[in-house]
Amino acid sequence: MAPPQAPIKVGVLGATGTVGQRFIELLATHPYFEIHALGASARSAGKKYVDATKWKLVSQIPESVKGMIVQECKPEPFAECGVVFSGLDHDVAGDIEVAFRAAGLNVFSNAKNYRRDPLVPLMVPLVNPDHISVVRHQQQELKLSKGYIVCNANCSTTAIVVPLKALEVAFGPLKTVMVTTLQAISGAGYPGVSSLDILGNVVPYIGGEEEKIEWETKKILGGVNPDNSFDLHASAPLKISANCNRVPVIDGHLACVSVEFSGKKPSVAEIEKAFTDFVTEPQTLGTPSAPKRAIVLHDAPDRPQPRLDCDLEKGACVSVGRVRECGVLDAKFVCLLDNVRLGAATSSVINAEVAAEKGYL
Ligand SMILES: NC(=O)C1=CN([C@@H]2O[C@H](COP(=O)(O)OP(=O)(O)OC[C@H]3O[C@@H](n4cnc5c(N)ncnc54)[C@H](OP(=O)(O)O)[C@@H]3O)[C@@H](O)[C@H]2O)C=CC1
Ligand SMILES: N[C@@H](CC(=O)OP(=O)(O)O)C(=O)O
């Protein structure tokens with residue numbers, strides 16, 4: 001992929017938050033994108049970024065953004081941006097993202113608000129980047145000459161759909177998926193879950209998470225009909241059941257997954273090969289943030305682990321291990337993803353890279 005002739009100016013909404021910081025880290029040195037405007041709440045607006053944010057990443061705040069003045073989330077300061085990334089709290093993301101689209105801006109959002117919208121692509125770049133085509137339909141239906149919204153998925157959903165897609169590519173439609181997640185505290189943003197609730201503990205409830213996994217998976221793994229509607233995996237109905245737990249881990253959502261195939265049950269060796277052979281469109285296109293390996297298969301019986309494996313491929317892959325037969329369904333495995341990178345900011349950035357490559361920016 002050749003870089004654009006001039007860098008594309010980009011904005012970040014929710015720039016001071018957990019996802020916003022990962023956006024800043026990824027975009028500060030990005031070959032195609034240049035950070036032009038930062039937005040957050042009225043509490044932060046008017047302050048220098050370095051004073052408005054509580055930086056929590058191991059990497060230092062990039063010098064280039066330290067002195068930028070944080071804006072309120074109104075379209076005007078972002079008018080020159082070719083892409084606006086959103087890491088906004090869902091309480092406010094709905095109205096703000098729609099106002100930005102109405103102002104002709106291309107919004108790539110992490111928030112849940114529009115994921116179920118029948119006009120909005122729900123794109124996990126390592127799974128369904130082809131859904132980007134629906135933005136033209138979105139514009140036609142809403143009579144917009146410019147501007148659209150693209151969402152990326154819930155982080156736990158992202159962790160499972162990448163290996164599930166690899167299985168569907170190799171063996172055809174899945175019939176049943178059972179998943180139990182162990183989710184890191186960074187998934188709840190900052191300050192997030194109280195230390196008294198989570199230290200030395202497990203909380204077996206994350207509001208709305210199970211429903212999101214069960215619904216979003218079907219939109220992402222499903223196709224696009226000729227009329228630009230999403231088929232939600234309707235041609236081969238998929239049953240999914242999710243159990244979600246918060247665990248005292250900082251970064252990295254682990255998921256234990258059991259699957260049943262519609263067709264003949266593959267062997268463990270065939271499933272492992274399907275994971276290692278899996279190549280995705282951003283990799284083929286050579287977009288800058290695409291991982292070399294979309295799925296990293298681990299041999300050791302006690303891997304993947306959040307602390308040891310989250311950083312593989314700069315947090316842009318899904319780690320998979322413990323592939324084995326399941327006594328109830330056909331097969332089971334464990335998968336891990338960096339919830340704030342591939343689970344949020346990195347997916348949004350790769351989605352925008354795909355949009356650039358395919359002429360949607
Ligand atoms: N953390 C994760 O792993 C994932 C998060 N997401 C989603 O991404 C989004 C951001 O999450 P996260 O970064 O964790 O959340 P944080 O709570 O860490 O950050 C929220 C951001 O929203 C801003 N904000 C809050 N209220 C307003 C307002 N009234 N107007 C404008 N901006 C406001 C905050 O600004 P300020 O600092 O000024 O308050 C901050 O920048 C959420 O929708 C979340 O559900 C999706 C996938 C994974
Ligand atoms: N709910 C996820 C993170 C998140 O914000 O999800 P969503 O973007 O679907 O609201 C977690 O707690 O780990």
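Residues numbered from 1 in each chain as written. Chains lettered and ligands numbered in written order. Predicted model: local features only at pLDDT ≥ 70, side-chain atom pairs only at ≥ 80, totals over all residues. Heavy atoms only, no water.

- An unreviewed UniProt entry annotates the protein chain as Aspartate-semialdehyde dehydrogenase originating from Vanrija pseudolonga.
- If you open the UniProt record of the protein chain and go to Sequence similarities (unreviewed entry), you find "Belongs to the aspartate-semialdehyde dehydrogenase family." (UniProt positions renumbered as here; feature names shortened; annotations may be inferred.)

1. Points about the overall build of the protein chain
And step 1. Looking only at helices and strands, the protein chain features 12 helices and 12 strands.
And step 2. In terms of C-alpha radius of gyration, the protein chain reaches 20 Å, essentially the compact-globule figure of 21 Å for 361 residues.
And step 3. Overall, the C-alpha framework of the protein chain stretches about 60 × 50 × 35 Å when taken along its three principal axes.
And step 4. At a minimum sequence separation of 6, the contacts of the protein chain that also span at least 24 residues come to 75%.
And step 5. Surface summary for the protein chain: the accessible area is close to 15400 Å², and the carbon and sulfur share equals 51%.
And step 6. Distance between charge centres in the protein chain, computed from 36 positive and 39 negative side chains, equals 2 Å. (Helix = DSSP H or I, 4+ residues; strand = E, 2+ residues; numbered from the N terminus. Rg over C-alpha atoms; globule rule 2.2 N^0.38 Å. Contact = heavy atoms within 4.5 Å. Areas by Shrake-Rupley, 256 points an atom, 1.4 Å probe, with all protein chains shown as cover. Lys, Arg positive; Asp, Glu negative; His and termini not counted. Charge placed at Lys NZ, Arg CZ, Asp CG, Glu CD.)

2. With respect to the sheet that holds strand β6 (residues 148-151)
And step 1. The strand order across the open sheet built from six strands is β3-β2-β1-β4-β5-β6, with neighbouring strands paired in parallel fashion. The sheet is open, and its two edges are formed by β3 (71-72) and β6, each paired on a single side.
And step 2. Inspection of the sheet shows strand β4 (residues 83-86) paired to strand β5 (residues 106-109) by three bridges, in the parallel sense. Bridged to F85 within β5 is F108. (Pairing = 2+ DSSP bridges.)

3. Some remarks on the site of ligand 2
And step 1. Taken together, N110, R115, N154, C155, Q183, G187, I206, E209, K212, R246 and H253 are the residues near ligand 2.
And step 2. Between ligand 2 and R115, the relevant distance is 2.6 Å, taken from an oxygen atom to a side-chain nitrogen or oxygen of the residue.
And step 3. Interatomic distance of 3.3 Å between a backbone N/O atom of G187 and an oxygen atom of ligand 2.
And step 4. Out of a free accessible area of 350 Å², ligand 2 has 82% covered by protein chains. (Near = heavy atom within 4 Å. Polar contact = N/O pair within 3.5 Å; in protein donor to acceptor, adjacent residues only side chain to side chain.)

4. Things to note about the packing of helix α1 (residues 18-27) against helix α12 (residues 341-357)
Axis angle and axis distance: for two packed helices, these are the angle between their axes and the distance between the axes, and together they describe the pair.
And step 1. At a minimum axis distance of 9 Å, the contact between α1 and α12 shows a crossing angle of 45 degrees. Classified by the angle between their axes, α1 and α12 sit oblique to one another. For the element pair α1 and α12, the recorded crossing hand is right-handed. Judged by residue contacts, V19, R22, F23, L26 and L27 of α1 engage R341, A344, A345, T346, S348 and V349 from α12.
And step 2. Partitioned by chemical class, the residues of the contact of α1 with α12 number seven nonpolar, two polar and two charged. (Axes fitted to C-alpha atoms, helices over the stretch in contact; angles between N-to-C directions. Parallel < 35°, antiparallel > 145°, perpendicular 65-115°, else oblique. Left-handed = near helix turned anticlockwise from the far one by under 90°. Nonpolar A, V, L, I, M, F, W, Y, C, P; charged D, E, K, R; others polar.)

5. Notes on the packing of aromatic side chains
And step 1. Summed over the entire model, instances satisfying the criterion amount to eight aromatic pairs.
And step 2. Centre to centre, the rings of F33 and F85 are 6.1 Å apart; their planes meet at 70 degrees, and the pair counts as edge-to-face. Of the two residues, F33 sits in strand β2 (residues 33-40) while F85 sits in strand β4, which places them 52 residues apart along the sequence.
And step 3. The class of F85 is buried, set by a relative accessible area of 0%.
And step 4. Geometrically, the ring pair formed by F85 and F108 is tilted, given 6.3 Å between the ring centres and 50 degrees between the ring planes. Placement of the pair is F85 in strand β4 and F108 in strand β5, with a sequence separation of 23 residues.
And step 5. One aromatic cluster is present, built from ring pairs that chain together F23, F33, F85, F108 and Y148. (Phe/Tyr/Trp six-rings, centres within 6.5 Å; stacked < 30°, edge-to-face > 60°. Buried < 20%, exposed > 50% of the residue type's maximum accessible area, 1.4 Å probe, protein only.)

6. Observations concerning the nonpolar core
And step 1. Counting residues in hydrophobic clusters, the biggest one holds 57 residues, and the most contacted among them are I160, L164, V257, V259, F275 and F333.
And step 2. In terms of residue count, helix α6 (residues 155-171) provides more of this core than any other element does, seven residues in total.
And step 3. Inspection of this core shows a minimum of three residues originating in each of domain 1 (8-154 + 345-357) and domain 2 (155-338).
And step 4. What F275 contacts, discounting residues up to four positions off in sequence, is P163, A166, L167, I295, L297, V320, V323 and F333.
And step 5. Within the second largest apolar cluster, 36 residues are counted, among which are I24, L27, F85 and F108. (Core = buried A, V, L, I, M, F, W, Y, C linked by side-chain atoms within 4.5 Å. Domains from an automatic or database assignment.)

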